[in-house]
Amino acid sequence: TTAQFAGLSSTQGAALTTAQLAVMETTDVAALSPASVRALGTDQINALTTSEITALTSTQAGALSSTQVAGLNTAQIAAMETADLRALTTLAVNALSTAQVAVLGTDQFSALTSAQVASLSTAQVQALSTGDIAALTTAQAAALNSNQVAAMTTAQLAAMETTDLRALTSTAIRALGTDQIAALTTDQIGALTTTQVNVLTSTQMAGLTTADIVALTTAQFAGLSSTQAAALTTAQLVVMETTDLAV
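Cut-offs applied
Residues numbered from 1 in each chain as written. Predicted model: local features only at pLDDT ≥ 70, side-chain atom pairs only at ≥ 80, totals over all residues. Heavy atoms only, no water. Helix = DSSP H or I, 4+ residues; strand = E, 2+ residues; numbered from the N terminus. Buried < 20%, exposed > 50% of the residue type's maximum accessible area, 1.4 Å probe, protein only. Contact = heavy atoms within 4.5 Å. Areas by Shrake-Rupley, 256 points an atom, 1.4 Å probe, with all protein chains shown as cover. Lys, Arg positive; Asp, Glu negative; His and termini not counted. Charge placed at Lys NZ, Arg CZ, Asp CG, Glu CD. Polar contact = N/O pair within 3.5 Å; in protein donor to acceptor, adjacent residues only side chain to side chain. Core = buried A, V, L, I, M, F, W, Y, C linked by side-chain atoms within 4.5 Å.

Once that is clear, we can look at the overall build of the protein. Along the protein, the regular secondary structure elements total 31 helices and 0 strands. Across the 247 residues that make up the protein, the buried fraction comes to 40%. Taking all contacts inside the protein whose residues are at least 6 apart in sequence as the whole, residues at least 24 apart take part in 81%. For the protein, the computed accessible surface area is about 10,200 Å², with 56% contributed by carbon and sulfur atoms. Within the protein, one finds 4 positive and 15 negative side-chain charges whose respective centroids are separated by 13 Å.

In C-alpha cells, the structure reads:
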C-alpha cells in the first residue's frame, strides 16, 4: 500500500530492483521518503517511467543528487513538472547534460529560479532553444552573468525579448561580441537602457549597423561618452537624426 511504501527506509528503497520500480504505482512513488529517493542508484532512477517521474513531489525532486539528475534520460527530463524542476539544487541543475537542457520545454525553463539559471554552464546556455531564450523572465535575464551572455549564439540573442535584454547587467552587455551586437534587432537596440548603452566599448559601438544607429533614441545618444562618440564611423554619423546630433 501507499502507507507501506511511505514507511520504507532508505536502505529498503535502495534495495528495490529496477523491475520493481518500473511497476510501482505513481501514488506509491510519490509516497517514498526523500531519503529513500536519494538512496536510489542511477540505474534505478533511470528505470522510473515518465509517469513516475511526473509523480515525484517537489520535496523528492529536491532530494535528487547531481549524479541522479545527470542519469535521467531526456524523456524523463521532459516529463518533470515545473515545480519539481524549481526544487532541484543548483548543483543538480549544473549537472544536466546539453542534451537534457535541449529538451526542456519553454514552460520548464521559464520556471527555473534565478539561482538555477545563474548556475548554468556556458555549454548549457548554448544548448537552450531560441524558444527557451524568448521565454526568459526578466529576473532570469538579470541573473545571467557575462560569460553566459558572451556564450550565446546570435540566434539566441536575436530571440531575447526587449524587456529581458534591458534586464541584463552592464557587465553582461559589455561582454557581447561584435557579431552578437550586429545580431540584435533595431527594436532590441532601441530598447537598451541609457546605462547599458553607456557601457558599450568603442569596438561594440563601431559594430552597430546604420539601422541600429537610426534606432537609438535621443536619450541613448545623450548618454554616450566622448570616447564612444569618437568611435562612430562616418557611415554611422551620416544616418544620425538631427535631434540626436543636437545632444
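Moving on from the model shown.
Checked against the element boundaries, Thr217 lands in the loop between α27 (210-215) and α28 (218-222). The spacing of Thr217 and Ile189 is 28 residues in sequence and 9.2 Å in space, taken between C-alpha atoms.

Below, the discussion takes up the side chain of Gln220. Summarising the element assignment, Gln220 is placed in helix α28. Taking relative accessible area as the criterion, Gln220 reaches 2% and is therefore assigned buried. Of the polar contacts made by the side chain of Gln220, one reaches the backbone oxygen of Ile189; its length is 3.0 Å. Non-local contacts of Gln220, meaning those with residues more than four positions away in its chain, are made with Ile189, Gly190, Ala191, Leu192, Thr194, Val197 and Ala215.

What follows covers the nonpolar core. The biggest cluster of nonpolar side chains holds 63 residues, and the ones touching the most others in it are Met80, Leu88, Met160 and Leu168. The residues contacting Leu88, other than those within four sequence positions of it, are Ala61, Leu64, Val69, Met80, Val93 and Gln116.

Glancing now at the side chain of Gln140. Its location among the elements puts Gln140 in helix α18 (residues 138-143). A polar contact of 2.9 Å, which involves the side chain of Gln140, links it to the backbone oxygen of Phe109.

Now for the environment of Ala230. Along the chain, Ala230 turns up in helix α29 (residues 226-231). Ala230 sits 28 residues away from Ser202 along the chain, and the two C-alpha atoms are 8.1 Å apart.

A word on the environment of Ala3. By secondary structure assignment, the location of Ala3 is in helix α1 (residues 2-6). Ala3 gets classed as exposed once you look at its relative accessible area, which sits at 62%. Sequence separation between Ala3 and Ala31 is 28 residues, and the spatial gap between their C-alpha atoms is 7.4 Å.

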